[in-house]
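Single-letter residue listing:
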Amino acid sequence: MTFTNQETDYLMNLLTNQLMALLTNQLMALLSRVTRWQTHSLSQHQYNQQVHETLQPELNMLTQITAKLQGQARDKTQLGAIQTGLKKLQVATTYQLTADQLAHANERRLNRRYRD
């Protein structure tokens, strides 16, 4: 199968737009997951483990792909939003739960233990 230059450009544009939409959806899912980790019954160790096992590999891949898209992306606003989301996720990798969050997490764990 052979495409003309115009067809190739058109397909690359379509694929880039679809890829940016997929990246945005994945980014939103990760941001939601991180928010859940920060507000639910996780200890600091559990939070760090989730970051290491789940967030860091995803963040690395999303960052690499986004860097490659910079030259192709026509929607600079969406690209900027993706980059902002990546920065927020990067900050989340070193997030330290506050004493109040840890106290609430411990309280919820104790309440679950006594309910069961």
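Note that the coordinates shown come from a computational prediction; the quantities given were computed from them, not determined experimentally. (Residues numbered from 1 in each chain as written. Predicted model: local features only at pLDDT ≥ 70, side-chain atom pairs only at ≥ 80, totals over all residues. Heavy atoms only, no water.)

Enquirer: Sorry if this is basic, but what is going on with the nonpolar core here?
Expert: In summary, soluble globular proteins display a tendency toward joint burial of nonpolar side chains. Counting 20 residues, the largest nonpolar core has V34, W37, Y47, L55 and L89 as its most contacted members. Among the secondary structure elements, those contributing two or more residues to this core are α1 (5-39), α2 (44-69) and α3 (76-92). Each residue touching W37, except ones within four places of it in the same chain, is listed here: L42, Y47, Q50, V51, T54 and L55. (Core = buried A, V, L, I, M, F, W, Y, C linked by side-chain atoms within 4.5 Å. Buried < 20%, exposed > 50% of the residue type's maximum accessible area, 1.4 Å probe, protein only. Helix = DSSP H or I, 4+ residues; strand = E, 2+ residues; numbered from the N terminus. Contact = heavy atoms within 4.5 Å.)

Enquirer: What am I meant to see in the packing of aromatic side chains here?
Expert: How two aromatic rings sit relative to each other is set out by the distance from centre to centre and by the angle between their planes. Overall, the coordinates contain two aromatic pairs when judged by the stated rule. Aromatic pair Y47 and Y95: ring centres 5.8 Å apart, planes at 55°, arrangement tilted. Of this pair, Y47 sits in helix α2 while Y95 is found in the loop between α3 and α4 (99-115), placing the two residues 48 residues apart along the sequence. Residue classification places Y95 among the partly exposed positions, given a relative accessible area of 23%. (Phe/Tyr/Trp six-rings, centres within 6.5 Å; stacked < 30°, edge-to-face > 60°.)

Enquirer: Please clarify how α1 should be interpreted in this entry.
Expert: An α-helix turns once every 3.6 residues. As a result, residues three or four positions apart point the same way. Across its 35 residues, α1 extends 51 Å between first and last C-alpha, which sits within 8% of the 51 Å expected from 1.5 Å per residue. Taken as a whole, α1 has its buried residues at T16, M20, L23, L27, L30, V34, W37 and Q38. (Expected span 1.5 Å × (residues − 1).)

Enquirer: Would you explain the side chain of Q38 in this entry?
Expert: Structurally, the position occupied by Q38 is in helix α1. Taking the relative accessible area as the measure of exposure, Q38 reaches 16% and is therefore buried. Sequence-distant contacts of Q38, that is, excluding residues within four places in its chain, are made with Y47, A92, Y95, L97 and Q101.

Enquirer: Hey, could you run me through the packing of α1 against α3 in this one?
Expert: What describes two packed helices is the angle between their axes and the distance between those same axes. One way to put it is that α1 packs onto α3 with a least axis distance of 10 Å and a crossing angle of 30°. What the angle tells us is that α1 and α3 run roughly parallel. The element α1 and its partner α3 pack so that their crossing is left-handed. Only Q78, L79, A81, I82, G85, L86, K88, L89 and A92 of α3 make contact with α1, whose side of the interface consists of M20, A21, L23, T24, L27, L30, L31, V34 and Q38. Across the contact of α1 with α3, the residue classes tally to 13 nonpolar, four polar and one charged. (Axes fitted to C-alpha atoms, helices over the stretch in contact; angles between N-to-C directions. Parallel < 35°, antiparallel > 145°, perpendicular 65-115°, else oblique. Left-handed = near helix turned anticlockwise from the far one by under 90°. Nonpolar A, V, L, I, M, F, W, Y, C, P; charged D, E, K, R; others polar.)

None of the figures reported here should be taken as evidence of function without further support.
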